[in-house]
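A look at the structure
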Amino acid sequence: MTDSDSIADVVLVGAGIMSATLGTLLKKLDPSLSIKIFERLDAAAAESSDAWNNAGTGHSAFCELNYTPQAEDGTIDLSKALRIAEQFEQSKQLWASLVTSGDLPDAKEFIRKVPHIAFVSGADNVQFLQSRFEQLVQSPLFEGMQFSTDHAELADWAPLIMQGRSASEAVAATRMGIGNDVNFGKLTRALLKSLGEQAGVESFFGAEVRDFRHKEDGVWRIKIRDLDSGDDQIVRSRFVFIGAGGGALELLDASGIEEGEGYGGFPVSGQFLRCTNDAVIAQHEAKVYGKAAIGAPPMSVPHLDTRWIDGKRQLLFGPYAGFSTKFLKQGSYLDLLRSLDIDNILPVLYAGAANLDLTQYLIGQVMLDKEERMDMLRVYFPDANDDDWDAHIAGQRVQIIKRDKDKGGRLQFGTEIVTGKNGSIAALLGASPGASTAVAIMLGLIERCFPEQVASADWQAKLKQLFPSYNESMADNAPLCARVRAQSLETLGIKS
Ligand SMILES: Cc1cc2nc3c(=O)[nH]c(=O)nc-3n(C[C@H](O)[C@H](O)[C@H](O)COP(=O)(O)OP(=O)(O)OC[C@H]3O[C@@H](n4cnc5c(N)ncnc54)[C@H](O)[C@@H]3O)c2cc1C
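All of these numbers come straight from a predicted model, not from anything done at the bench. (Residues numbered from 1 in each chain as written. Predicted model: local features only at pLDDT ≥ 70, side-chain atom pairs only at ≥ 80, totals over all residues. Heavy atoms only, no water.)

1. Details of helix α15 (residues 457–466)
As a reminder, the rule being used: For each residue, the accessible area found with a 1.4 Å probe, counting protein chains only, is set against the maximum for its type, and the residue is called buried under 20%, exposed over 50%, and partly exposed in between. Elements are defined by DSSP. Helices are runs of H or I of four residues or more, strands are runs of E of two residues or more, and each kind is numbered from the N terminus. Taken from the helix axis, the directions to the C-beta atoms give the arc we talk about. Residues are treated as being in contact if the distance between any of their heavy atoms lies within 4.5 Å.
Of the residues making up α15, those classed as buried are W459, L463 and L466. Down the axis of α15, the buried side of the element spans an arc of 65°, and every buried residue falls inside it. Seen from the buried face of α15, the exposed residues on the opposite side, beyond 90 degrees, are A457 and Q465. Where α15 is buried, its residues touch α1 (17–29), α2 (79–100), α13 (438–449) and α14 (451–455).

Here's what the structure looks like:
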């Protein structure tokens, strides 16, 4: 085993959107940093961040009804929707800054304007959607949202969802013209390409991180296996980010930091139906989300989406959630079993017992045959023809299970950054809302792990340059929201 001579400033584990975003931000803030990126696969963005493995929604809460839950008394909680909408604005600001500086190519390569539509049927749901709309449009972040119950108008917005529907059916939709489809795979690869061209940045593929040791000198020793030769080497670094997606839990455990104890993972797999008929694909230009079925995990409401992948317009329905014991799409069926240890077995068992309905739901989803999947599609697209659709396996998501004082263990659906006490190591756990909010998540990580540098006048000025709304709230400031949003949309070429 060889020990590298030099000490890197930063090691990024995994070449997905999170590492790519963090590396880009850090290098913008401090161009002198040396960064090493290690990826177990042969290519970047080949797991969840690849366009065929996720749904490509630029999550802005324009159409995702699970971000505005309704309480028993009918009140609607907007807080998550407002937060996520603002976070996606930060993503667009960074991408626009990087297009302007030439670090990212023409934005058409990775982001497209695709209207976001929330569609419901049934009188109660129509009422909920109207009330949600009336409250959201009070915020500048949702300016321009439209609401309609008119069948002809809805057919104009999204013809496929209205074909074959009875004229007496109570339906409603909201539409945001500035919604986005994002090809996170292309974006990740473009960010890593630009990063790799900068001095002090090196990427290694087929290189699997196996273990970590933190020594008294404050430097991490990272054990890396070359998957071709089977040789191990030790790389030293002052800071480590575990951006390994579904592989993060195992590595957090290997780091031995006390803050990482008691976490478990609950894997949720996904599958899309992909339209193969160009005439049908051409008739739809929207992302259409609906309400989750009872028992469905919140991030797994299938939706009918226009996508831009492989330079071509596509139409996908899904992802249907499912259950698999793998933590990575290219992982092992033993991942779930291997993730259990003395620290997390109780939280995992408690969370499992408390969520038997979810497990049952997911196993039920796996058992669906093509006809049953088509029936779900027909809730959105009544005239869908079996011959026009084939199945496609999506990426894996690992939801977080956390120790809980009262319940023993708790399943949660967001993302969480776990950092070591001295801020020299951080791991990202969880999956949702995911890639869309990678920028906000990584900014939060930087603020936690590099507090002194963030407070410096130099980094503050650079952050303000990258994010015109830095340290201000677009939700609370209509003129700021209008100005900054218009700038981002103009630069990214996605004005409505
Ligand atoms: C079905 C599905 C639909 C989704 N839809 C959306 C959506 O519409 N909008 C949205 O914003 N987000 C969506 N997401 C979430 C989004 O895809 C993820 O949050 C995001 O891609 C995670 O990025 P990452 O960099 O953390 O992980 P990944 O892209 O998975 O990258 C992690 C990398 O780490 C590597 N790795 C793992 N272990 C090791 C190791 N030991 N050593 C070296 N490398 C390692 C992996 O090979 C991988 O390349 C979806 C996800 C799924 C699965």
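2. A short note on the packing of α2 against α13
Where we set the bar: Between N-to-C directions, angles span 0 to 180 degrees; the directions come from axes that are lines fitted to C-alpha atoms, helices contributing only their stretch in contact. What sets the label is the angle itself: under 35 degrees gives roughly parallel, over 145 gives roughly antiparallel, 65 to 115 gives roughly perpendicular, and the rest give oblique.
For the pair α2 and α13, interaxial distance at closest approach is 7 Å and the crossing angle is 90°. As far as their axial angle goes, α13 and α2 are roughly perpendicular. Residues Q87, Q90, S91, L94 and W95 of α2 form the contact with α13, whose participating residues are V439, A440 and L443.

3. Things to note about the environment of R40
Just so we agree on the cut-off: Polar contacts, as counted here, are pairs of nitrogen or oxygen atoms within 3.5 Å of one another; within protein the pair requires one atom able to donate a hydrogen and one able to accept it, and residues that are adjacent in sequence qualify only if both atoms are side-chain atoms.
Among the structural elements, R40 can be located in the loop between β2 (35–39) and α2. Once residues within four sequence positions are removed from consideration, R40 is found in contact with G206, A207, E208, L227, L328 and Q330. At a separation of 2.8 Å, a polar atom in the side chain of R40 contacts the side chain of E208.

4. Details of the packing of aromatic side chains
Our working definition: Centres within 6.5 Å are what make two rings of Phe, Tyr or Trp a pair, Trp counting through its six-membered ring; a difference in plane orientation under 30 degrees is then read as stacked, over 60 as edge-to-face, and the rest as tilted. Only when the NZ atom of a Lys or the CZ atom of an Arg is both within 6 Å of the ring centre and within 35 degrees of the ring normal do we say a charge sits over the ring.
In the structure shown here, the tally under the stated rule is 11 aromatic pairs. Taking the centre distance of 5.0 Å and the plane angle of 55° together, the rings of F239 and F450 count as tilted. One end of the pair, F239, is in strand β11 (residues 232–242); the other, F450, is in the loop between α13 and α14, and 211 residues separate them in sequence. Its relative accessible area of 3% is what places F239 among the buried residues. Chaining the aromatic ring pairs together yields one cluster made of F88, W95 and F110. In this structure, R112 is placed above the aromatic ring of W308, and the distance from its NZ or CZ to the ring centre is 4.0 Å. The ring centre of Y333 lies 4.7 Å from the NZ or CZ of K326, which sits over that ring.

5. Some words on the nonpolar core
A general feature of soluble globular proteins is that nonpolar side chains tend to end up buried together. The cut-off we apply is this: By nonpolar core we mean a set of buried residues, namely Ala, Val, Leu, Ile, Met, Phe, Trp, Tyr and Cys, connected to one another through side-chain atoms within 4.5 Å.
With 84 residues, the main nonpolar core has W95 and F241 as its most contacted residues. Examining the composition of this core, we find that nine residues originate from one element, α2, more than from any other. When sequence neighbours within four positions are dropped, the list of residues in contact with F241 reads V11, L12, V13, M18, S19, L22, A426, A427, L428, M442 and L445. Membership of the second largest hydrophobic core comes to 28 residues, among which are F119, A158, V288 and A384.

6. Description of a negative patch on the surface
Definition in use: Put simply, a patch holds well-exposed residues, over 30% relative accessible area, that have no salt bridge, with like charges counted together within 9 Å and Val, Leu, Ile, Met, Phe, Trp or Tyr side chains within 5 Å. Note on areas: Shrake-Rupley with a 1.4 Å probe; residue coverage comes only from the protein chains shown. One side-chain nitrogen of Lys or Arg within 4 Å of one carboxyl oxygen of Asp or Glu is enough to make a salt bridge. None of His or the chain ends enter the tally, which takes Lys and Arg as positive and Asp and Glu as negative. The location of each charge is read from NZ of Lys, CZ of Arg, CG of Asp or CD of Glu.
On the surface, D42, D226, D228 and D231 cluster together into a negatively charged patch. Looking at the element boundaries, D228 is found in the loop between β10 (220–226) and β11.

7. Brief notes about the site of the ligand
So the rule is basically this: The cutoff for a nearby residue is simple: one of its non-hydrogen atoms must lie within 4 Å of the molecule or strand.
In the vicinity of the ligand lie 38 residues, with E39, S49, T57, V209 and S436 positioned nearest. Within the backbone of A55, one N or O atom sits 3.0 Å away from a nitrogen atom of the ligand. In isolation the ligand offers 1,000 Å² of accessible surface; the protein chains occlude 96% of this area. Those elements that place two or more of their residues in the shell around the ligand are α1, β2 and β9 (207–214). A total of three residues in the shell around the ligand trace back to one element, the largest contributor, which is β9.

8. A few points about the pairing of strand β18 (residues 408–412)
Residues in a regular strand project their side chains so that they alternate between the two faces of the sheet. Using the following cut-off: Each pair of strands is called paired provided DSSP finds at least two bridges between the two strands.
Counting buried residues in β18 gives four out of five residues, a clear majority hidden from the surface. Sheet topology places strand β17 (residues 397–404) next to β18; five bridges connect them, and they run antiparallel. Its bridge partner lying in β18, R403 is registered against G409. In textbook terms, the turn of a hairpin is the stretch between consecutive antiparallel strands, and for β17 and β18 this stretch comprises three residues.

9. Some words on the pattern of salt bridges
In this structure the tally under the stated criterion is 30 salt bridges. Close ionic contact of D106 with K108 constitutes a salt bridge, the shortest N to O distance being 3.5 Å. On the accessibility criterion, D106 (47% relative accessible area) is partly exposed. R307 serves as the salt-bridge partner of D181, at 3.0 Å between the closest nitrogen and oxygen. With D181 in strand β7 (residues 180–182) and R307 in strand β14 (residues 303–309), the pair connects residues that are 126 residues apart, well separated along the chain. Salt bridges sharing common partners tie together D181, K287, D305 and R307.

Function-wise, these values are silent; they only describe arrangement.
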